[in-house]
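# A structural walkthrough
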Amino acid sequence: MTETPTNNYKNRLVFFVNGQKVEVINPDPRQTLLQYLRKDLRLTGTKLACGEGGCGACTVMVARYSSDTDDVTYFPVNACLAPVCSMHGLAVTTVEGIGSVSTALHPVQSVLAEHHGSQCGFCTPGIVMSMYTLLQSDRQPASSEIQEHFDGNLCRCTGYRPILQAYNTFAAKEECSGTCEFCPKKGIFNDIEDHPCKNSTAAGETQKSFLSQDKKQLINKLDQENLEFCSPSTRWFSPTSLGGLLEIRRKYRDCKLVNGNTEVEIEVKFKKANYQTLVSVTRINQLKQVIRTESGIEIGASLPLSQVKKCFEEDIRQLPEYKTRALTAIVEMLKWFAGHQIRSVACLAGNIMTASPISDLNPLLLACRAMLKYLDLGKWEWLG
């Protein structure tokens, strides 16, 4: 395969790690973010455990800046599944980037140690980064939200009680009715001061933004770049428009479309799949749109499931109950769909196209008579 990018495609990957700009010329499309962090940058705090997005030991925080809203979105990612090529224009924060014993521990790190929330410590970096990411979006999350946020992090030896006890110190103050799951009235805590309902909010400031004005301008430029990376075995494309995607699709008929890479990476690692051409659709804004009409809601093919959930929850709050029964069922199902890290990058289209034997959302989509809108020969068509 040629290593020279074609047409207006660039072969330079640019992103940020712990606030520092990283540039890689023609990165390997098969290299994961975890491999790059550990081997190339020697940031070994991020761990490799299951390698398939199930345990959360490799969790890092990724930040995406939107020039349209001048806002930053923070989300947790399984670095063992995420291709390093997909990080263009994004900012990655690892456990080393928030604090250390040689400088100063972040409250998310110190409170876990103080409450004996770590034994072997192998899972701890991922747990720390999950909590750190949550605090970027919500400075005072509810106790129930904290508990649910660790659905993608597994711990074999500590036990979840001290971990949740530690992180409930970040929870919003609320009156204790004696019915909450972690309540001293049930004898779980030895000291009433450790009760999450009585604890103060997080000490210290969380990261509000990784951006300076110069970085914003750079990211705006990066967001407009089409990418092509080549290795001896694999070619990676990342177009920024639907037209560019269709052009690549016509030229490489056997290409594999990827969004979160949560299924494709499993196929490559454990099922020996070999895809010579990978095309990322994550940077095509047209595939992330949410359009509300009188007949329903149109969800972009590559919109992450976590954002789909937020969208549906908003409609459930605002619309009459009889109009939102299908949305309510999907939101409930999404609680059991993998973990936060997977839902932050996986999408509805990927769920449909993989046709997983464990079903996931497909039966619900059939039951609510969802329709699929697809592009055929330049014309949009509906498939019922």
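Residues numbered from 1 in each chain as written. Predicted model: local features only at pLDDT ≥ 70, side-chain atom pairs only at ≥ 80, totals over all residues. Heavy atoms only, no water.

## Brief notes about unusual backbone geometry
With phi around 60°, R42 is a residue other than glycine that occupies positive phi space. Note that R42 resides in the loop between α1 (33-40) and β4 (59-66). With a phi close to 55°, H116 is a non-glycine residue in the positive phi region. By the secondary structure assignment, H116 is in the loop between α2 (107-114) and α3 (124-137). (Helix = DSSP H or I, 4+ residues; strand = E, 2+ residues; numbered from the N terminus.)

## Considering the sheet that holds strand β6 (residues 91-93)
Pairing between sheet strands relies on hydrogen bonds along the backbone, with the strands arranged either parallel or antiparallel. Taking strand neighbours across the sheet as the criterion, the five strands line up as β3-β2-β6-β4-β5 in an open arrangement whose pairing is mixed. One side of each edge strand has no neighbouring strand; the edge strands of this open sheet are β3 (20-25) and β5 (71-78). Across this sheet, the average inter-strand angle for adjacent strands is 30°, counted without regard to direction. Bridge count between β4 and β5: eight bridges; the pairing is antiparallel. Opposite S66, over in β5, you have D71 as the bridge partner. Contacting β4, β5 and β6, α3 runs over the sheet at an angle of about 25° to β4. (Pairing = 2+ DSSP bridges. Axes fitted to C-alpha atoms, helices over the stretch in contact; angles between N-to-C directions. Contact = heavy atoms within 4.5 Å.)

## Some thoughts on the sheet that holds strand β1 (residues 9-10)
Taken in spatial order, the five strands line up as β1-β7-β8-β10-β9 in an open sheet, and their pairing is mixed. Looking along the sheet, the strands with just one partner apiece sit at the ends: β1 and β9 (256-258). Where β9 meets strand β10 (residues 277-280), three bridges bridge the pair, whose relative direction is parallel. Residue pairing for β10: V258 is matched across the bridge by S280.

## Considerations on the packing of aromatic side chains
Evaluation of the coordinates by the stated rule reveals five aromatic pairs. Plain terms: the ring middles of F150 and Y167 are 5.7 Å apart, the flat faces sit at 5° to each other, and that makes the pair stacked. Taken together, the residues span a long stretch of sequence, with F150 in the loop between α4 (143-149) and α5 (160-167) and Y167 in helix α5 at a distance of 17 residues. Taking the relative accessible area as the measure of exposure, Y167 reaches 0% and is therefore buried. Judged by centre distance (5.3 Å) and plane angle (40°), the rings of F237 and Y252 are tilted. Of this pair, F237 sits in strand β8 (residues 235-238) while Y252 sits in the loop between α7 (242-251) and β9, and the two are 15 residues apart along the sequence. Residues F237 and Y252 agree in their burial class; the two are buried. (Phe/Tyr/Trp six-rings, centres within 6.5 Å; stacked < 30°, edge-to-face > 60°. Buried < 20%, exposed > 50% of the residue type's maximum accessible area, 1.4 Å probe, protein only.)

## Some words on a nonpolar patch on the surface
Together, I352, M353, L372, Y374 and L383 make up an exposed nonpolar region whose accessible area comes to about 460 Å². Here L372 is to be found in strand β13 (residues 372-376). (Patch = residues over 30% accessible without salt bridge, like charges linked within 9 Å, V, L, I, M, F, W, Y side chains within 5 Å. Areas by Shrake-Rupley, 256 points an atom, 1.4 Å probe, with all protein chains shown as cover. Salt bridge = Lys/Arg side-chain N within 4 Å of Asp/Glu carboxyl O.)

## Quick word on the environment of D71
Secondary-structure assignment places D71 in strand β5. On the basis of relative accessibility, which here comes to 45%, the residue D71 falls in the partly exposed class. The residues touching D71, leaving out its near neighbours within four places in the chain, are R64, Y65 and S66.

## Notes on the environment of K309
Secondary-structure assignment places K309 in helix α9 (residues 305-318). Once residues lying within four places of it in the same chain are set aside, the contact partners of K309 are V331 and L334.

## Quick look at the pairing of β3
Across six bridges, strand β2 (residues 12-17) lies against β3 in antiparallel orientation. Within β3, the residue paired with F16 across the bridge is K21. The turn joining β2 and β3, which pair antiparallel and follow one another in sequence, is formed by two residues; a positive phi near 50° is taken by N18.

## Quick look at helix α6 (residues 213-222)
Along α6, the positions that sit buried rather than exposed are K215, K216, I219 and L222. Down the axis of α6, the buried side of the element spans an arc of 125°, and every buried residue falls inside it. Facing away from the buried surface of α6 by more than 90 degrees, the exposed residues are D214 and K221. Where α6 is buried, its residues touch β2 and β4. (Arc of directions from axis to C-beta.)

## Notes on the pattern of salt bridges
Here the structure, examined in full by the defined rule, presents twelve salt bridges. For E313, the salt bridge identified is with K309, shortest N-O distance 2.6 Å. Of this pair, E313 and K309 both sit in helix α9, four residues apart, roughly one helical turn. Given the relative accessible area of 24%, E313 is considered partly exposed. Connected through shared salt-bridge partners, R12, K21, E23 and E225 make up one network.

## Thoughts on the packing of α2 against α3
Axis separation between α2 and α3 bottoms out at 9 Å; the angle between their running directions is 130°. Relative to α3, the element α2 is oriented oblique. Both α2 and α3 take part in a crossing whose hand is right-handed. Contacts from V108, Q109 and L112 of α2 reach α3 at T124, V128, M131, Y132 and L135. (Parallel < 35°, antiparallel > 145°, perpendicular 65-115°, else oblique. Left-handed = near helix turned anticlockwise from the far one by under 90°.)

## Focus: the confidence of the model for the protein
Per-residue confidence for the protein averages 87 on the pLDDT scale, and 87% of its residues sit at or above 70. At the level of individual helices and strands, the protein shows its lowest average pLDDT in strand β14 (residues 379-383), which scores 73, and its highest in α1, which scores 98. Considering only residues more than four positions removed or in separate chains, one finds that residues 181-208, a stretch of pLDDT under 50, has 69 contacts. (pLDDT = per-residue confidence, 0-100.)

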